[in-house]
Amino acid sequence: EAVDSSGRSVEMLTKAMENGTLSHMNLSLAEAVSVRADALAKLGQPAPRHVAVFMQGDVSEVLVRPYLQSQVHPVIVPPRGEFAGIDVAATNAMVSKLLSSDRSSESTALLTVRMTPGNYAPAAIYAAAAVTFQMGNAEEAVSWLHVARLRATSDAMKCTDSSATGAVGVLDRYFGEPILEFAALDAERHAATVRSVVEWDRRQARHYDPRWIALHSQAALGGTTVPFAPADKWFEIDERCRTEYLE
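This write-up is about the structure you can find in this document. Here the structure is a predicted model, which means the values were calculated and not measured.

1. What about the pattern of salt bridges?
Pairs can form between side chains of opposite charge whenever their charged atoms are close. According to the stated counting rule, one finds 16 salt bridges in the structure shown. Between Glu106 and Arg103 there is a salt bridge, with its nearest N and O atoms 3.4 Å apart. Of the two residues, Glu106 and Arg103 both sit in helix 7 (residues 103–115), three residues apart, roughly one turn of that helix. Exposure remark for Glu106: the relative accessible area of 10% places this residue in the buried category. With relative accessibility at 53%, the residue Arg103 sits in the exposed group. With a shortest N-O distance of 2.9 Å, Asp155 and Lys158 are connected by a salt bridge. Of this pair, Asp155 and Lys158 both sit in helix 9 (residues 138–158), three residues apart, which is roughly one turn of the helix. Shared partners join several salt bridges into a network, and the residues in it are Arg151, Asp155, Lys158, Glu199, Asp201, Arg202, Arg206, Asp238, Glu239 and Arg242.

2. Let's talk about the nonpolar core
Among the nonpolar cores identified, the biggest contains 55 residues, and Leu98, Tyr126, Leu171, Trp212 and Ile213 are the most heavily contacted of them. Among the elements that line this core, the one with the most residues is helix 8 (residues 122–134), at nine residues.

3. Describing the packing of aromatic side chains
With the rule as written, the count across this model stands at five aromatic pairs. An angle of 85° between the planes, with centres 6.0 Å apart, marks the rings of Trp144 and Trp200 as edge-to-face. Taken together, the positions of Trp144 in helix 9 and Trp200 in helix 11 (residues 187–203) put the pair 56 residues apart, joining distant regions of the chain. Taking the relative accessible area as the measure of exposure, Trp200 reaches 22% and is therefore partly exposed.

So, how was this worked out
Residues numbered from 1 in each chain as written. Predicted model: local features only at pLDDT ≥ 70, side-chain atom pairs only at ≥ 80, totals over all residues. Heavy atoms only, no water. Salt bridge = Lys/Arg side-chain N within 4 Å of Asp/Glu carboxyl O. Helix = DSSP H or I, 4+ residues; strand = E, 2+ residues; numbered from the N terminus. Buried < 20%, exposed > 50% of the residue type's maximum accessible area, 1.4 Å probe, protein only. Core = buried A, V, L, I, M, F, W, Y, C linked by side-chain atoms within 4.5 Å. Phe/Tyr/Trp six-rings, centres within 6.5 Å; stacked < 30°, edge-to-face > 60°.

Shape descriptors only; they carry no functional weight alone.
Shown next, in the form of structure tokens:
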């Protein structure tokens, strides 16, 4: 029987994907799931040794899959039920433009995010912060990074499946580390920036779908119901997050 390196059968792996018991750590870190070549051959799929599992539309699929494409066989799990109704198209398209090698497209996208940040989920603001930092505008990049982190954290707090919090770590690692290293050089100025961002965010409307983060949750793998707080609780959760972010 064709089995993976952990001794599980391909059938068990497939079942885990379908019923939501596959460890979401593989998604959040985009770790390849090792499968023997004969396992894929048995399924009629000529593919490399490794398989990487991604939830369609999730930040890991958008950010990591393009770089693993030549090394692994990506398995894209389509969202089902309520998850299929989570609107991430505009945000993911904006992230792609911000990461583009086309400088004109990148500049236009950056200006769009700066002018209408409420229209995009945090991933686009993270990407905008990274581009801003690369352009040499470090202080502005710190501000945008904290806007992104604050909103991503508050969205994670709205999701009742705690595994969704991993998306914040993915975005921090992908975009935030060099910016935070710069910010740490002046702790007093950094603290002032965080306070300013929290006050700014309190006055701004959010028009994006905060459920984007649920695509990173364990529940998204084979589930149909988004584990999310009701909309009438979102304002309260956002305000609690702002208070905690300052601590």
